[in-house]
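Each chain, letter by letter, is given below.
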Amino acid sequence: MIDPITIKKSLSLIPDFPEPGIIFRDITPLLGSPQISETLYSGLAEKIKGFAGTKIIGIESRGFIFASVAANKIGLPLLLARKPGKLPKQTFVEDYELEYGSTSIELHRDSVLSKTDKVVIIDDLVATGGTALAAANLVSKNFDVPGENVLILAVIDIGECDGGKTIVSQGYKYQALFHSIV
């Protein structure tokens, strides 16, 4: 198992990107290490199994990387939550706020989800929780999946932003592999 200090040392922190005052966490060094990335993928797979997940949703774009490998490791279907205009069929749309603006996220209307599914939404990191909550709201509002059947799973939790607390306060489950890595 890779310890949090190794993860912290492997992350690149980029100040003032994409906007002044934001510290961007670049995960590409984590992906560049087969040992670290395999540990992350296995950790995600274990948490999905522990939740008894039945469907995986990857959040664009960095969440796709982790969600696709984790879904493949345990043989679960993968759905994609994408930025506006990226999905080719009719979509459900959820607007949300970012630390530096607003946007929306979309999911195909014909996604095979039911209220009995246990949905795991994966992203690389959670700061304020806005993107992950938007994806969870898409699932809950449009496919009647109850909040307790939705797990938002992040590789890294940016603790000082309180996104995890916000997610839980909205009735969803939340877990992260590593916490408060600044």
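For the structure, see preceding data.
What you see is a predicted model, and the numbers here were worked out from it, not measured in a lab.

Asks: Would you explain the overall build of the protein in this entry?
Replies: When its secondary structure is counted, the protein shows 6 helices and 9 strands. Relative to the 2.2 N^0.38 estimate, which gives 16 Å for 182 residues, the radius of gyration of the protein is 15 Å and therefore close to what a compact globule would have. Seen through its principal axes, the protein has C-alpha atoms that stretch 40 × 35 × 30 Å. In the protein, which comprises 182 residues, the share counted as buried stands at 48%. Considering only intrachain contacts with a sequence separation of at least 6, the fraction spanning at least 24 residues in the protein is 60%. Accessible surface computed for the protein: about 8600 Å², of which carbon and sulfur atoms make up 52%.

Asks: What is the right way to read helix α5 (residues 130–143) from this model?
Replies: Structural remark: α-helix, 3.6 residues per turn; residues separated by three or four positions point the same way. With 14 residues, α5 ought to run about 20 Å at 1.5 Å a step, and its terminal C-alpha atoms sit 19 Å apart, in line with that. Taken across its 14 residues, α5 has 10 buried, putting it largely inside the fold. Of the residues making up α5, those classed as buried are Gly130, Thr131, Ala132, Leu133, Ala134, Ala135, Ala136, Leu138, Val139 and Phe143. Positive phi appears at Asp144, one or two residues downstream of α5, with a value of about 60 degrees.

Asks: For this particular structure, what's the right way to read the packing of aromatic side chains?
Replies: How two aromatic rings sit relative to each other is set out by the distance from centre to centre and by the angle between their planes. What the rule picks out here adds up to 3 aromatic pairs. A centroid spacing of 5.2 Å and a plane angle of 85 degrees characterise the contact between Phe17 and Phe24, whose relative ring orientation is edge-to-face. On the accessibility criterion, Phe17 (43% relative accessible area) is partly exposed. Overall, Phe24 belongs to the partly exposed group, its relative accessible area being 24%.

Asks: I'm lost on the pairing of strand β8 (residues 150–157) in this one. Help?
Replies: If a strand is regular, its side chains alternate between the two faces of the sheet. Taken across its 8 residues, β8 has 8 buried, putting it largely inside the fold. Bridge count between strand β7 (residues 119–126) and β8: 7 bridges; the pairing is parallel. From the neighbouring strand, Ile121 faces β8, where its bridge partner is Ile152. As for the winding sense of the linkage, the β-α-β connection from β7 through α5 to β8 is right-handed. Where the polypeptide runs from β8 across helix α6 (residues 163–169) and back to strand β9 (residues 173–179), its parallel neighbour, the crossover connection is right-handed.

Asks: Explain unusual backbone geometry here, please?
Replies: Leave glycine aside and you will find that most residues have negative phi; peptide bonds, for their part, are mostly trans. Residue Pro18 is bonded to the preceding Phe17 through a cis peptide linkage, with omega at 5 degrees. Its place among the elements puts Pro18 in the loop between β1 (12–15) and β2 (23–26). For the peptide bond that leads from Glu60 to Ser61, omega is -10 degrees, which places it in the cis range. As for its position among the elements, Ser61 is in the loop between β3 (55–59) and α4 (62–74). Even without being glycine, Ala52 reaches a positive phi, approximately 65 degrees. When its relative accessible area of 44% is taken as the criterion, Ala52 is described as partly exposed. The phi torsion at Asp162 lies on the positive side, around 60 degrees, for a residue other than glycine. Counting through the fold element by element, Asp162 comes out in the loop between β8 and α6.

Asks: I keep staring at the pattern of salt bridges and nothing clicks. Help me out?
Replies: Pairing is possible between side chains of opposite charge, provided their charged atoms come close. Across all of its chains, the model carries 9 salt bridges by this definition. With a shortest N-O distance of 3.1 Å, Arg25 and Glu160 are connected by a salt bridge. Here the residue Arg25 occupies a position in strand β2, and Glu160 occupies one in the loop between β8 and α6, the gap between them amounting to 135 residues. Taking relative accessible area as the criterion, Arg25 reaches 9% and is therefore assigned buried. With its nearest N and O atoms 3.1 Å apart, the salt bridge here joins Asp117 to Lys55. Placement of Asp117 in the loop between β6 (101–108) and β7 and of Lys55 in strand β3 is noted, with a sequence separation of 62 residues between them.

So, how was this worked out
Here the residue index of a chain counts from 1 through its sequence in written order. Where local features are concerned, this predicted model is filtered to residues with pLDDT of at least 70; where side-chain atom pairs are given and counted, the filter is 80 or more; whole-chain, interface and lining totals use all residues. Hydrogens and water are ignored here; the side-chain numbers use all heavy atoms of the structure. Helix and strand labels come from DSSP, where a helix needs a run of H or I of at least four residues and a strand needs a run of E of at least two; each type is numbered from the N terminus. The quantity called the radius of gyration is restricted to C-alpha atoms. Its globule counterpart is 2.2 Å times the number of residues to the power 0.38. The buried label applies to any residue whose accessible area, calculated with a 1.4 Å probe on protein chains only, is under 20% of its type's maximum; exposed applies above 50%, and partly exposed to all values in between. Contacts: residue pairs with any heavy atoms within 4.5 Å of one another. Here the open area of atoms and residues is found with the Shrake-Rupley method and a 1.4 Å probe, where only the protein chains shown may cover a residue. Here a helix's expected span is defined as the number of its residues, less one, multiplied by 1.5 Å. Stacked, edge-to-face and tilted labels apply to pairs of Phe, Tyr and Trp rings (six-membered ring for Trp) whose centres lie within 6.5 Å, assigned for plane angles under 30 degrees, over 60, and everything in between, in that order. Strand pairing is assigned whenever DSSP detects at least two bridges linking the two strands. Convention used here: a crossover is right-handed provided that the path from the first strand, over the helix, to the second strand proceeds clockwise when the strands point away from the viewer. By salt bridge we mean one thing: a side-chain nitrogen of Lys or Arg within 4 Å of a carboxyl oxygen of Asp or Glu.

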